[in-house]
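Observations on the model geometry
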Amino acid sequence: MNYFRQLKIAVLHTGTEAGSALDRNNRIAVFAFAILPGLSPNFNSFILLASMVWGLYCLATGRLALNLSRSDRLVAIGMSIYPLVMIASIFINPPYSEELDWIFRLLPFFSVWLMLPRMRQSPDGRLVPLFILAAGIGMIVTFVFSLLQIMFLMERAEAGTSNAALLGVIGVLFGGIALLNVQSPRSVEQRIAILGYAAGLGCVLLSGTRSAWLVIPVHIVIFLWYFRKHSFHLSLRSLAITGSLLLAGLVALGSGQILNRIEALQGDLTTLERSDGEITSLSARFALYKGALSAIRKDPLTGYGPQNRMASVLAELPDNIRPQLPFSHVHNGFLTAGIDAGVFGIAALSLMLLTPVIGAWRKEPGPGRDLAIALALLLVSSYVITGSFGIMFNQKALDPIFAYMVALICADRGRTGFMPVVRS
C-alpha cells in the first residue's frame, strides 16, 4: 500500500518549478489514458479531445509554442495525410451523407500537432514509464471484469468495450506494453508488468479474438529483441517459474473459449465446402473481401467515400447474400481504405501505420530510442495483424489510442534512460 501512496503522489503532485501544472495534467491524462481502454474506451476519446482543445488554446494564447523538430513534422504530416485523403474522398463521391460526422471521426489523426508541444512540458523520461505502468494496472482490472462476464453473463468477454474483438486488440496491445516494465528496478512494478501481460493475454483468450492470437508470437520476437539489448532486474529462474504458473492458469481459464473458437473455425471451414448459401463468420469475410476487391478494381483512384462504403461492396455481391451482411466495414483495414479512397487511401493508411516507427527510428541513439521502437513495433503489429482480419481504424476506441501513442512515442529524446515511476 505504501507503493500506491507514492504512486498517487507521483501522478498528482504539483511541483514549484515553471510548467509543473502542465506536467501534472500530462501525468494525469497519460495515466488515465493507459488504464481506461479495456474499461471504457469512450473516455479515451474524451481525454484525447480535451487534450487537443487545451493544446489548441495554449498555442493560440502563446502559453506553448509549436516548436516541432523536423522528425516531429514528418510524423505529424504522415498522420495528417490519411484524414485529409479521407475527407477529400467524402466530397468527391456523392451522395453526401453524415459528412460532418465522418470528419469529426477523423479529428484524432490531427492530434499530434497539438499533443506534442503539450507533452514536451513534462521532463524527458517521465510520461512513457507512467503509461507502461498504467497499462499493466488497467489490464489487471480489465481481466477481472472480463472473467466475471464469462462466469456470469456472456460467452465472449467484452469488458467495458461492448465488442469482443475490440477487447482482443486492446488486450494484446496493452498487455504487451505492460511487460516492458520488467526492466524497472522496483519489484512492485516488475510484478505489475508480469501480471499485466498475463492479464492482457487472458483478455485475448476470454474475448475469443482469433486474429489477436496471431499477434502474440510477433510480440514475443519484439520482446526478445528489446530485452536482449536491455537487461531487466528479474532473475531468469524467477521469470521462468512465474511465467509458467501464469501460463498454466491462463490455459486453464481460457481453454473452454479456445476450444469453442477453434471448433467454430472448423465448422466455418466445413460450411465453405458446401454450396447451400449459409453465411458464417468466415464465409462473410470471404464475401466481403471479394466484393471489396471487385469494387476497387472498378474505381481504383478515388474510391467511393466512407459514406458509400458498404453500398459499393454489397453492389458487387449476389442478391441473396446482401441481407446477410449487415456490416459497416469489410473486416480488412487496407481493403476498407481502398473502398473509401482508392489506392490513395491504401497508400495514406500504410504511411500512417509507419509513422510511429519513423518517429521512433529517427530519435538520437540511446535507451529511449530502443524503448520507443519497441512501443512502435508493438503498436503497429497489433493494428496490422488484427486489422487484416477485422477492425483497424474508423473506430471510436482504436483511432484515439493510435494517435495518442504516436505522440507519446515522439515525446522523449532517444538518449533518455528508463526511470521507474516511483523513484524513492
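Residues numbered from 1 in each chain as written. Predicted model: local features only at pLDDT ≥ 70, side-chain atom pairs only at ≥ 80, totals over all residues. Heavy atoms only, no water.

Attention shifts here to empty space enclosed by the protein. Summed over the entire model, instances satisfying the criterion amount to one cavity of 30 Å³ or more. Approximately 110 Å³ is the volume attributed to the largest cavity. Listed by contribution, the elements that provide at least two residues to the lining of the largest cavity are α7 (127-152), α16 (367-387) and α17 (398-411). Here the lining of the largest cavity gets four residues from one element, more than from any other, and that element is α16. A per-class count over the lining of the largest cavity returns nine nonpolar, four polar and three charged. (1 Å grid on protein atoms, 1.4 Å probe; cavity = no way out; pocket = protein on both sides within 12 Å on 5 of 7 lines; lining within 4 Å. Points joined across faces, edges and corners; volume = space filled by probe spheres on them. Helix = DSSP H or I, 4+ residues; strand = E, 2+ residues; numbered from the N terminus. Nonpolar A, V, L, I, M, F, W, Y, C, P; charged D, E, K, R; others polar.)

Let's shift gears to the environment of Ala21. With respect to the helices and strands, Ala21 occurs in helix α2 (residues 20-35). As for Ala21 and Ser122, which are separated by 101 residues in sequence, their C-alpha atoms are 9.6 Å apart.

It is worth spelling out the packing of aromatic side chains at this point. All told, the structure shown has 14 aromatic pairs when counted by the stated rule. Here the aromatic rings of Phe109 and Phe393 are separated by 5.6 Å at their centres, their planes lie at 85 degrees, and the arrangement is edge-to-face. Linking Phe109 in the loop between α5 (99-106) and α6 (112-119) with Phe393 in the loop between α16 and α17, this pair joins segments that are 284 residues apart in sequence. Take Phe109: its relative accessible area is 0%, and that puts it in the buried class. Given a relative accessible area of 9%, Phe393 falls into the buried group. Each member of the aromatic cluster is reached from another via a ring pair, and the members are Tyr82, Phe109, Tyr383, Phe393 and Phe402. Positioned over the ring face of Trp361 is Arg369, at 4.7 Å from the centre of the ring. (Phe/Tyr/Trp six-rings, centres within 6.5 Å; stacked < 30°, edge-to-face > 60°. Buried < 20%, exposed > 50% of the residue type's maximum accessible area, 1.4 Å probe, protein only. Lys NZ or Arg CZ within 6 Å of the ring centre and 35° of its normal.)

In this section: the nonpolar core. Residues Leu7, Ile177, Leu180, Tyr383 and Phe393 are the most contacted members of the largest nonpolar core, which totals 105 residues. When residues of this core are assigned to their parent elements, the largest contribution, 12 residues, is made by α17. With near-sequence residues (within four places) excluded, Leu7 lies in contact with Phe31, Leu130, Leu133, Ile137, Val421 and Val422. In this structure, Leu288, Ile296, Tyr304 and Leu325 belong to the second largest nonpolar core, which totals 17 residues. (Core = buried A, V, L, I, M, F, W, Y, C linked by side-chain atoms within 4.5 Å. Contact = heavy atoms within 4.5 Å.)

So, about the pattern of salt bridges. Taken as a whole, this structure holds eight salt bridges when the rule is applied. Ionic pairing is found between Asp23 and Arg27, a salt bridge with its closest N-O pair at 3.2 Å. Here the residue Asp23 and the residue Arg27 both occupy positions in helix α2, the gap between them amounting to four residues, near one helical turn. For the pair Asp23 and Arg27, one class covers both residues: buried. (Salt bridge = Lys/Arg side-chain N within 4 Å of Asp/Glu carboxyl O.)

Another aspect to go through is the environment of Asn44. Note that Asn44 resides in helix α3 (residues 41-60). The exposure class assigned to Asn44 is buried, which follows from its relative accessible area of 0%. In sequence terms Asn44 and Phe33 are 11 residues apart; their C-alpha atoms lie 5.7 Å from each other. When near neighbours in sequence (up to four residues on either side) are disregarded, Asn44 contacts Phe33, Leu36, Pro37 and Pro400. Within polar-contact distance, the side chain of Asn44 engages the backbone oxygen of Phe33 at 2.9 Å. (Polar contact = N/O pair within 3.5 Å; in protein donor to acceptor, adjacent residues only side chain to side chain.)

Next up on the list: helix α8 (residues 164-179). Spanning 16 residues, α8 covers 22 Å between terminal C-alpha atoms, matching the ideal 22 Å at 1.5 Å per step. The buried fraction of α8 amounts to 15 of the 16 residues, a majority that puts the element mostly inside the structure. Where α8 starts, the residue carrying a side-chain oxygen 2.9 Å from the main-chain nitrogen of Ala165 turns out to be Asn163. (Expected span 1.5 Å × (residues − 1).)

Secondary-structure assignment places Thr416 in the segment after α17. For Thr416, the contacting residues outside a window of four places in its chain are Asp124, Gly125, Pro367 and Gly368.

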